[in-house]
Amino acid sequence: MGLTRGCSKTGCARPAVATLTYAYADRAVVVGPLATYAEPHTYDLCLEHAERMTAPRGWEVVRVGGEFPEPVLAADDLLALADAVREAGRPRTPRGSDARTTPRGQADAEAGSGAVEAGRRGHLRILRDS
């Protein structure tokens with residue numbers, strides 16, 4: 001799913017718009033458009049952190065690609081997310097059975113799995129391992 005990635009800076013909850021990579025051989029910090037995939041040894045940055053990025057002494061900052069547009073969830077991404085939430089909320093059928101699981105049967109299955117309900121948030125339940 002192409003969900004929005006967050007900024008790598010500690011405590012920042014903004015969406016990432018740029019990717020930072022260190023080019024050690026050139027002593028450069030390269031800040032460019034958000035990479036298609038999160039890669040090891042790269043850092044995703046929000047707009048504020050990408051614009052304010054400074055390099056260590058003796059290094060230079062190389063900015064590639066100009067402006068960084070804010071990420072937007074495509075309609076397909078939103079539909080996929082909604083489908084995943086609906087699927088997670090459907091009652092599960094026990095393995096080897098074609099019958100739909102009743103709420104009581106689901107509670108029995110959860111009790112056997114070691115999951116314990118720790119609370120509720122609207123229609124969602126919070127489960128913890130026992």
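See the structure shown above.
Throughout this document, residue positions are counted from 1 along each chain, in the order its sequence is written. Local features are withheld for residues below a pLDDT of 70 in this predicted model, meaning they are given only at 70 or higher, and side-chain atom pairs are given and counted only at 80 or more; totals for whole chains, interfaces and linings count all residues. The side-chain quantities take in all heavy atoms of the structure and omit both hydrogens and water.

What to know about the overall build of the protein chain
Elements are defined by DSSP. Helices are runs of H or I of four residues or more, strands are runs of E of two residues or more, and each kind is numbered from the N terminus. Along the backbone of the protein chain there are three helices and six strands. Each helix and strand of the protein chain, placed in order from N terminus to C terminus, yields the pattern β-β-β-α-β-α-α-β-β. Looking at the protein chain as a whole, 17% of its 130 residues qualify as buried. Note on exposure labels: buried denotes an accessible area under 20% of the residue type's maximum, exposed denotes more than 50%, and partly exposed covers the range between, all computed with a 1.4 Å probe on protein chains only.

Focus on the packing of aromatic side chains
Remark: the centre distance and the inter-plane angle together describe each pair of aromatic rings, the angle taken between the planes. By convention, a stacked pair of Phe, Tyr or Trp rings (six-membered ring in the case of Trp) has centres within 6.5 Å and planes under 30 degrees apart, an edge-to-face pair has planes over 60 apart, and any other such pair is tilted. One pass over the structure, following the stated rule, counts four aromatic pairs. Look at Tyr24 and Trp59: their rings are 5.8 Å apart centre to centre, the planes differ by 90°, and that puts the pair in the edge-to-face class. Remark: Trp59 occurs in the loop between α1 (47–52) and β4 (60–63) and Tyr24 occurs in the loop between β1 (18–23) and β2 (28–33); sequence separation between them is 35 residues. The exposed category is assigned to Tyr24, whose relative accessible area is 61%. Taken together through their ring pairs, the aromatic side chains of Tyr22, Tyr24, Tyr43 and Trp59 make up a single cluster.

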